[in-house]
Amino acid sequence: MKSYKLFSVLMLVAILMAACTPGGAASKELKIAVLAPLSGPVPTFGEMTRDGTLMAIEEWNAKGGVLGMTIVPIVEDSQCTPDPALNAANKVINNDKVHYIIGEVCSKASIPVSEVANAAKVIQISPTSTNPSVTVDANGVTKPYIYRACFIDPFQGLVGAKFAMDNLGAKTAFVMVDQANDYVKGLAEFFKKAFTEAGGTIVGEESYTANDTDFSAILSKVADTSPDVVYLPDYYNIVNLVMQQAKEKGITTPFVGGDGWDSADLDLNAAAGGYFTNHYSPEDPRPEVQNFRNNFEAKYDGKTPDALAALAYDATNMLLAAIEKAGADDTDKVRAALDAIEFSAVSGVITFDSAHNPIKSATILSVTTDGIKFNSVVAP
Ligand code: PHE
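A few points on the structure. (Residues numbered from 1 in each chain as written. Predicted model: local features only at pLDDT ≥ 70, side-chain atom pairs only at ≥ 80, totals over all residues. Heavy atoms only, no water.)

### Observations concerning the packing of aromatic side chains
Across all of its chains, the model carries 14 aromatic pairs by this definition. With 4.7 Å between their ring centres and 35 degrees between their planes, Phe292 and Tyr313 make a pair best called tilted. Here Phe292, found in helix α10 (residues 287-299), pairs with Tyr313, found in helix α11 (residues 307-326); they are 21 residues apart in sequence, far enough to count as distant. Classification of Phe292 as buried rests on a relative accessible area of 2%. Given a relative accessible area of 11%, Tyr313 falls into the buried group. (Phe/Tyr/Trp six-rings, centres within 6.5 Å; stacked < 30°, edge-to-face > 60°. Helix = DSSP H or I, 4+ residues; strand = E, 2+ residues; numbered from the N terminus. Buried < 20%, exposed > 50% of the residue type's maximum accessible area, 1.4 Å probe, protein only.)

### Remarks on the sheet that holds strand β1 (residues 29-36)
Spatial ordering of the open sheet is given by β2-β1-β3-β4-β5, a layout of five strands whose pairing is parallel. The open sheet has two edge strands, β2 (70-77) and β5 (146-148), and neither has a second partner. On average, each strand axis in the sheet is inclined to that of its neighbour by 25 degrees, with strand direction left out of account. Pairing of strand β3 (residues 100-103) with strand β4 (residues 123-126), which is carried by three bridges, proceeds in the parallel orientation. Counterpart to Tyr100 in the pairing with β4 is Ile123. Strands β1, β2 and β3 of the sheet are contacted by helix α2 (residues 43-62), whose axis makes an angle of about 170 degrees with β2. Packed onto the sheet, helix α12 (residues 331-339) meets β3, β4 and β5 and runs at close to 35 degrees relative to β4. (Pairing = 2+ DSSP bridges. Axes fitted to C-alpha atoms, helices over the stretch in contact; angles between N-to-C directions. Contact = heavy atoms within 4.5 Å.)

Spelled out as structure tokens, the structure:
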């Protein structure tokens, strides 16, 4: 009886030591949270982001993990919406004790998450949130722990405006905007600025909300003003509705948009004839892109990776490379490694400016009834 008790106590001590000692079983894991909009208005964004991240993590684990640790993903549904995204961020930071977050996709969710992550000294890399306020606070100060893997919207808006003018011959534009969506609002502003500075005229601007389903009043104004292009920098769910209704009204004006159009659920029949700026094209012949595409398709039943999958894969690989370079699971060392990184990603080489934004090229894609086609690449 006595020896049995002693044995139990010793066992307990051994278990506790294994859990607490560096090198013990429990410390051999590195958790990475993935905040992805798996439900809500834009589920393809979430699925592709999750799948790109998980593929990168599996590849690292197959090579032995990072710094001897197995990488454990914690995937949360952040819904492209501020409150669910904040709840997910608080959960992974406070309960799961993660030091690293990949996500969110949507700027309006990434911005509030960045405040919480930065305050907790948790590194957040948004693969795809393009609004400037993700990495920079209201006073213009860079948030030390927040990064992204994509270009930002002043550049994306400029590329859209230049394309409309130089390639579509546009002199007039009509802009549609959801004022409550940071991404849409910002991109619309940057487009207007670039378009007017280059000598174009904005002949109409109309606002709608994310809950609207009937765009006929706005589309009547488009028909009345007959602009050379309509700029619609929203996500695919809204683009589908607006362009279906434009088609029914017989509007043939080309629509131009941004990365938010990128989805397997973009309605090709409705959106055909449109163009959008993006981060990547799966048709890009560079071997980095084609290797990634082939591996992704092999892993996920032939599903072609879009820009969200590519950038999630890039953001995760870049984070793990920085952790390896830092030599420790220490977010101050890892952010120093990120500041100095020159990372060769699927979507191009990433180096950070002082606002933690990569300087990268944009790709222009055109929508046809039989798919989204590569058009051109525009360097910064
Ligand atoms: N750039 C968008 C945002 O900031 C998100 C997005 C990126 C959507 C890439 C689709 C493709 O909200």
